[in-house]
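Structural features, examined
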Amino acid sequence: MTQVVVATAIMRNGQVLAQQRAFPSADAGRWEFPGGRVEPGESEEAAVVRECREELGVDVKTGQRIGPEVPLRNGMVLRLYTATLVDENAEPVAVEHSAVKWVGAGEIDDVPWLDADLAFLPDLTEIVRKD
Ligand code: 9L3
Ligand code: MG
């Protein structure tokens, strides 16, 4: 079966959360939407919740899937879900990454995203603008 990697667009007050990768070295310094591999028997929505807990230390509620399915290396595919913080006042922290930051709709295009994540920007910008 195809290995799905989920990515999460956490939205709050017209902004979306970006996190900066620390590893591997080829990706270090680039920004991504938080997430990771869906585990066997796990739903994609549950993987979003688990990855945000692990990577950011926050609980999220998974929203809708948006944008294309992006092919990755090794036959994996990347899918993006929107999400909101369960506690709006909780601040995500970079547990295993270099940094996190909130990005407004007008700044999304200026972030040095991973190549794979670029495919989500048109659909995402429209949704963040309406948030
Ligand atoms: N990946 C790309 N964009 C993303 C995410 C969450 C992941 N927004 C790629 C990087 C890795 C693979 O998917 O090659 C698995 O992700 P992770 O487990 O290293 O986060
Ligand atoms: Mg990850």
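Calculation rules
Residues numbered from 1 in each chain as written. Chains lettered and ligands numbered in written order. Predicted model: local features only at pLDDT ≥ 70, side-chain atom pairs only at ≥ 80, totals over all residues. Heavy atoms only, no water. Helix = DSSP H or I, 4+ residues; strand = E, 2+ residues; numbered from the N terminus. Rg over C-alpha atoms; globule rule 2.2 N^0.38 Å. Contact = heavy atoms within 4.5 Å. Salt bridge = Lys/Arg side-chain N within 4 Å of Asp/Glu carboxyl O. Buried < 20%, exposed > 50% of the residue type's maximum accessible area, 1.4 Å probe, protein only. Near = heavy atom within 4 Å. Polar contact = N/O pair within 3.5 Å; in protein donor to acceptor, adjacent residues only side chain to side chain. Nonpolar A, V, L, I, M, F, W, Y, C, P; charged D, E, K, R; others polar. Arc of directions from axis to C-beta. Pairing = 2+ DSSP bridges. pLDDT = per-residue confidence, 0-100.

Within the protein one finds 3 helices and 7 strands. For 131 residues, the compact-globule estimate of 2.2 N^0.38 gives 14 Å, and the C-alpha radius of gyration of the protein, at 13 Å, lies within 12% of that figure. Here the C-alpha coordinates of the protein stretch approximately 35 × 30 × 25 Å along the principal axes. For the protein, restricting intrachain contacts to residue pairs at least 6 apart in sequence, the fraction spanning at least 24 positions comes to 68%.

Before going further, it helps to spend a moment on the pattern of salt bridges. Across all of its chains, the model carries 11 salt bridges by this definition. Two residues, R30 and D115, come together in a salt bridge whose shortest N-O distance is 2.9 Å. Here D115 lies in helix α2 (residues 115-118) and R30 lies in the loop between β2 (15-20) and β3 (31-32), a separation of 85 residues in the sequence. Taking the shortest distance from any N to any O, the salt bridge between E51 and R50 comes out at 3.1 Å. Take E51 and R50: they sit in the same class, and that class is buried. One salt-bridge network, held together by shared partners, links E39, E42, R50, E51 and E54.

With that settled, consider the site of ligand 1. The immediate surroundings of ligand 1 are formed by 15 residues, with R21, F33, G35, R73 and D117 found nearest. Within the contact set of ligand 1, an oxygen atom lies 2.9 Å away from a side-chain nitrogen or oxygen of R21. In this structure, D117 approaches ligand 1 through a side-chain N or O atom, which is 2.7 Å from a nitrogen atom. Counting residues per element, the ones that place at least two in the shell around ligand 1 are β1 (4-12) and β4 (35-37). Split into classes, the residues belonging to the shell around ligand 1 amount to 8 nonpolar, 2 polar and 5 charged.

Attention now goes to helix α3 (residues 121-130). Note on helix geometry: an α-helix contains 3.6 residues per turn, so any two residues three or four positions apart are oriented the same way. Along α3, the positions that sit buried rather than exposed are L121, L124, T125 and V128. The buried side chains of α3 occupy one side of the element, clustering within an arc of 100° when seen end-on. What points out from α3, more than 90 degrees from its buried face, is the exposed set P122 and K130. Where α3 is buried, its residues touch β1, β2, β5 (60-71), β6 (77-85) and α2.

Below, the discussion takes up the pairing of β6. For β6, the tally of buried residues reaches 8 of 9 residues, placing the bulk of the element in the interior. Pairing geometry for β1 and β6, over 7 bridges, is parallel. Of the residues in β6, the one forming a bridge with V5 is L78. When β5 meets β6, the two strands line up antiparallel, connected through 7 bridges. Paired with K61 across the bridge in β6 is T84.

This part covers the confidence of the model for the protein. Per-residue pLDDT for the protein has a mean of 97; in total, 100% of the residues score no lower than 70. Predicted as a complex, the structure gets a pTM of 0.97 and an ipTM equal to 0.98.

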